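Inside the fold
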Amino acid sequence: MKKRVLMIVFMTLLGNQASIMAQTEPEDIAMATDEFQDSFYESLLQKGIENYDKAIVALQKCQKLQPNDATIYFELGKNYLSLKDYRNAQSSFEKATQINPKNKWFWLGIYDVCYQTKNYPLAIETIQKIIPFDEEYKDDLISLYMITNQWDKALSLINEMNDKFGKSEERDLFKAQILSQGKYQNVEIDNLLDQIKKNPKEESNYIALISLYAKNNNADKVLEITQQLEKQVPTSEWAQVSSFKTYLDENQPEKAILAMNVVLANPKIDSKIKHRIFNEFLIFVSKNPQFSPDLDKAIPYFKNDSDVDVAKEIGKFYHSKNQFDKAVKYYELSVNSVSQVDIETNLLLLQAYTETKQYEPMAKISKVMIETFPTQPQFYFYFGLANNQLQQFKKAKDVLEMGLDYVVDDLTLEANFNIQLGEAYNGLGDLKKKEAYFAKANQLLKQKK
């Protein structure tokens, strides 16, 4: 909450009159009598050197001489506040407002006490009396609503102030905090739609609305608003979201790629929007493989994305379509680009190597993974499979026998281990053990059924 600095200068007292004009600053006074004048200036002198007790004594003399002088009560309030005597400070400021309720400085004295004592209900009540004098104090009221969790009132006032005075960094932070609570998002959506009607050329309102729809996974609305933005502000980078979709639908891939790259390069565009565009382009490339180089060029845009490993997801996409040679390419890219070893990606890569009969790299990677994750039986299996295919039967047998000890409650994997052990012993010429392992594998597969 912002604490307003009370800037006080001298005010003038004429004769014995105690009245002060509505917005005249309280200390601008002239003394009617020598005694009053001496005591008042003594209070200012003592306050200036932080002798607040002595300043209060001097002001009490003034109070006896002119008991209805609002400025004296105001000065008493400031000195009591400096001494952290909050009860007397508040009482003095309240007396000043009773004598002259049209002076905002007196109300700000009460507000100052409320701020220091964290009496937020009274602070809200007081600031509402100050706002008619100065509307910018609504920003203080917003802060108070945030502190007291009156977020609906805060959001309404934020929108009002933004509309009247323009946005501010503080209000934007408050709004983001409020909108993190989903129940307020519909109110903000309505507000943004209204702002777009009033100011159709204001890009920021479209962007805020697109971001809200994206967070709610409302892709249709994202497209609808970006189309409106494209029409009203065609130079907007956000409008390229709509342009990409249009160009792709109209089979203009070169233009779609340009639009996609503009979107992916913009750090302010929501990552969900970027992923949706990229996925649509991936589907397009799967049917039009001549544009694969453009897909590869787009991947680095996601290098700092901690939520999604894009290369891995592309690999899984091609994997699901049994295009294993392409899957291998992207799994390898993922494995080589991430700082932390991912078990799933390596298992997917080893399976893709199996499908493409790439046994040399399968043996190499599975060996490294056994050293990294010595209790993961799948890596032993792939090492055994690869070495059997490479006719390195002794290596296959030794590692498969070690790995079999780690297989728990997985009949399929255990059966596969036995098959590969049978193959290894067959290669070594031990037909008896070969038949034993094959028989064990068949028994396990029957159990699974």
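Residues numbered from 1 in each chain as written. Predicted model: local features only at pLDDT ≥ 70, side-chain atom pairs only at ≥ 80, totals over all residues. Heavy atoms only, no water.

Tallying each qualifying case throughout the model produces 13 aromatic pairs. Measuring from ring centre to ring centre gives 5.7 Å for F74 and F93, while their planes differ by 55°; the resulting arrangement is tilted. With F74 in helix α3 (residues 70-82) and F93 in helix α4 (residues 86-99), this pair connects stretches of sequence that are 19 residues apart. F93 matches F74 in its accessibility class, with the two residues each being buried. Arranged with centres 5.2 Å apart and planes meeting at 70°, the rings of F278 and F302 form a pair that is edge-to-face. Here the residue F278 occupies a position in helix α15 (residues 271-287), and F302 occupies one in the loop between α16 (292-298) and α17 (310-320), the gap between them amounting to 24 residues. (Phe/Tyr/Trp six-rings, centres within 6.5 Å; stacked < 30°, edge-to-face > 60°. Helix = DSSP H or I, 4+ residues; strand = E, 2+ residues; numbered from the N terminus. Buried < 20%, exposed > 50% of the residue type's maximum accessible area, 1.4 Å probe, protein only.)

With that settled, consider the pattern of salt bridges. The tally for this structure, following the rule as stated, stands at 24 salt bridges. Residue K245 pairs with D249 through a salt bridge whose shortest N-O separation is 3.8 Å. Separated by four residues within a single helix, K245 and D249 lie in helix α13 (residues 240-249), roughly one turn from each other. Close ionic contact of E344 with K316 constitutes a salt bridge, the shortest N to O distance being 3.8 Å. With a gap of 28 residues between them, E344 in helix α19 (residues 343-356) and K316 in helix α17 connect regions that are remote in the sequence. Residue K316 is classed as partly exposed on the basis of its relative accessible area of 29%. Connected via shared salt-bridge partners are K312, E313, K316, D342 and E344. (Salt bridge = Lys/Arg side-chain N within 4 Å of Asp/Glu carboxyl O.)

With that settled, consider the layout of surface pockets. Of the pockets and cavities examined, the largest pocket occupies roughly 610 Å³. Taken together, 23 residues make up the lining of the largest pocket; nearest its centre are K167, K175, E188, L192 and A208. If you tally residues by element for the lining of the largest pocket, the top one is helix α11 (residues 203-215), at seven residues. A per-class count over the lining of the largest pocket returns six nonpolar, ten polar and seven charged. Roughly 360 Å³ of internal volume is contained in the second largest pocket. If you trace the second largest pocket, you find 18 residues lining it, with F302, K303, D309, S337 and V338 closest to the centre. Split by residue class, the lining of the second largest pocket holds nine nonpolar, four polar and five charged. (1 Å grid on protein atoms, 1.4 Å probe; cavity = no way out; pocket = protein on both sides within 12 Å on 5 of 7 lines; lining within 4 Å. Points joined across faces, edges and corners; volume = space filled by probe spheres on them. Nonpolar A, V, L, I, M, F, W, Y, C, P; charged D, E, K, R; others polar.)

That is the geometry; function is a separate question.
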